[in-house]
Every structure is written in C-alpha cells, then in structure tokens.
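# Understanding the architecture of this molecule
In case you want the letters, here they are:
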Amino acid sequence: MSSIGRPYRVFDKKVSQLFVERTGTARRERVQNTEQDGEWSGWRCCSDARAIRRTAQEIEHEAGVWGEHSLLRCPVPSRSPQASSKSRPLSEQNPPPVWFGEYLSRLRDTYAPELPPPRQFPDPLGGLIRTILSQQNTRRVAQRQWEVLTATYPQWEAALLDGPDGIEATLKSAGGGLSRMKADYIYGILAHLQEHHGGLSLRFLREFPHTPEGHEQARQALAALPGVGHKTVALVLLFDLRRPAMPVDGNMERAAKRLELVPAAWNSHKVERWYAEVMPADWETRFALHISGVRHGRDTCRSKHPLCPQCPLREFCPSASIFELGEAGEREPSELEW
Ligand code: SF4
C-alpha cells in the first residue's frame, strides 16, 4: 500500500467515475489490490483527505454501494486547521456525513430504546456536586461518596463551615480517588455561591427561560463557578436542568474519531462543540445520544478490542476493517491517536 502514496482511496469503476466528476481533485491510475491479488481502477487523491472521504461517502450512498467498495482507508490528515478556517463554524469545517441521522437512530434503538429518567435532585447544586464526585470514579464509588457526604452534611452550610480539609476527610472515608481536588472544588463552589448569590443553592438556574438565550444564561452562570469545566456544565444542563446541552464523554469521543465523524486531532472541547452544532436542538434527542453514545463506547466501541462485528455502526465505520484485520487490535489506543 505504501507504494501508491497517501492519502488515497480505491473505488470500483462506477464510483470512481462519479467521484472525479464531482470533485476533479483526484487523478485516475491503476492500483493493485494486493490483498485480493486483483487489479482495480482507483484514484490517488492529492488534496484534502477529509473532503475527499466525505464526497466519496455521499457518492457511495447515492450509488447504493455504501461501504462495499471502499477498500482502502483514507487517513485523516494530522495537520492543524488553516488559520482562515478557525472562524468558520465547526459544522462547516467538518460537515456531518449523510448517514448521521441513521447513526443517531441506530444508537438509540440499540442502546437506549427506553430512556432513563433525568436526575431528580431538588436543587441543581446536588446534581453539580454528584457530577464532580463521578469524575474519575466508578458509579458505585461515586454513589458511596455522595451518600457519606450528604449524611455528614445534611445542609451544605455545614460543609462550608467544615472547610476543604473536613470535606476531604469525609470523601476519603468513603474511598475513591482525587479526594483533595474534589474537596477543593466543592468548597470553592459553596464559598462562591455564598459570596456572590447569598445562599447555597443553584435553584435560580431553573428560572432562566427555556429559550436559546435562557440556556446560554444558565451555561454562563455554571461556567462562572470555580473549577467547573465545560463537560460538567453540559452534564448539569442536560441532566439536572433539562436543557439541550451536548456533553461528550471519553467513550463518545473515541467512537466519533474511529467513525471519522470528527478529526482525530480535535480535543474534547472541540468535539463537544461540533456535536452541539450538528445535533437537533431538542433536549430529548441530545439526552438520547448522550445515553446511547456512552453505552456504545463502554460496551462495544471499547478502548481496547472493540467489538466491531456486532457493532450497529459497523457499515459506516472506516476503522472496523483495521480492527478486524488485527492491524491495530494489539496496540494501545494512544498509539493510534484514537
Ligand atoms: S465498528 Fe468498531 S471501531 Fe467502528 S464504531 Fe463500531 S466498535 Fe467502534
């Protein structure tokens, strides 16, 4: 394969013809398919690999040969985006593929045919602290820490009085990691609320209207809290305030990069922004994607040894053949950049 250069992609004749008509960015040449010992008409692409792949997927979809004739993988270029593209929306820089709607419905049908109820904390502050406890913890340990914390401090005012050292000791007594860091976050949030909002509550977030402007006001108020990052903000908005945020966890991000929905070089914040741009703006669709996407990444598109043969997204996935051929199965994900 290395003899014909990269990036490239090989198609059958019909798809190839459509491709060169549509793009004019590739030149035809005969390439040998060494795996099957046959000869193919193919294209050696000489411009942006991502644009080529998108166009190819659209043509394959239209030609009804979706995925069947894309025999060679077109790698994602690792170079950083051009300065001129920085101001463009991510959804324009990297449009979703034609199968994006099918991706959403297959994930939901497979992993979340019935959605769990959203969280029911009386005050979103409880949801925020529960979210902080879940970071770098298993669900079981986070729940244990939550139970110990709320038993020790029936009112958050007691935690504020106890200070970060007391909160840390409480968390440590329940096991789990990063107790000091989480104690500092929790104490910092409580102190901030006391100083700037006159009380230990986030109920005021529910009073912002359920409009794009109201969602943005809630987002900004959460982001202003010390130690609260974009993922935590999005989780609280989605789970505790029923607002259409789009949190993307590591499981979703890994699968999105393997599916080449987003470039491998994008960081988690950029991936989250992309999803927020391309997803329908209603709460339920976003909630369903988050639930099903996390389950898909955790149960099927696992970090090591993903279960590609049983994956409902296999026919869309350029990485499936790589894992199935065993070219990458024994290597660490970090080596593969996704
Ligand atoms: S086919 Fe494999 S690599 Fe692709 S999304 Fe499914 S499990 Fe992940």
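So, here's what we can say about the structure. (Residues numbered from 1 in each chain as written. Predicted model: local features only at pLDDT ≥ 70, side-chain atom pairs only at ≥ 80, totals over all residues. Heavy atoms only, no water.)

Glancing now at the overall build of the chain. Helix and strand counts for the chain come out as 15 helices and 2 strands. Per-residue burial over the chain gives 48% buried out of 338 residues. In the form shown here, the chain has an accessible surface area of approximately 16,500 Å², with 50% of it arising from carbon and sulfur atoms. (Helix = DSSP H or I, 4+ residues; strand = E, 2+ residues; numbered from the N terminus. Buried < 20%, exposed > 50% of the residue type's maximum accessible area, 1.4 Å probe, protein only. Areas by Shrake-Rupley, 256 points an atom, 1.4 Å probe, with all protein chains shown as cover.)

Turning to the pattern of salt bridges, a few remarks are in order. On inspection of all chains with the given rule, the structure shows 14 salt bridges. Across the pair glutamate 102 and arginine 106 runs a salt bridge, and its minimum N-O distance is 2.9 Å. Placement of both glutamate 102 and arginine 106 in helix H4 (residues 100-111) is noted, with a separation of 4 residues, approximately one turn of the helix. Put simply, aspartate 240 and arginine 119 hold a salt bridge, and the shortest N to O gap is 2.7 Å. Taken together, the positions of aspartate 240 in the loop between helix H10 (230-239) and helix H11 (250-258) and arginine 119 in the loop between H4 and helix H5 (124-134) put the pair 121 residues apart, joining distant regions of the chain. The exposure class of arginine 119 is partly exposed, given its relative accessible area of 26%. (Salt bridge = Lys/Arg side-chain N within 4 Å of Asp/Glu carboxyl O.)

Mapped onto the fold, glutamine 93 is located in helix H3 (residues 90-93). Side-chain polar atoms of glutamine 93 contact the backbone oxygen of arginine 88, separated by 2.7 Å. (Polar contact = N/O pair within 3.5 Å; in protein donor to acceptor, adjacent residues only side chain to side chain.)

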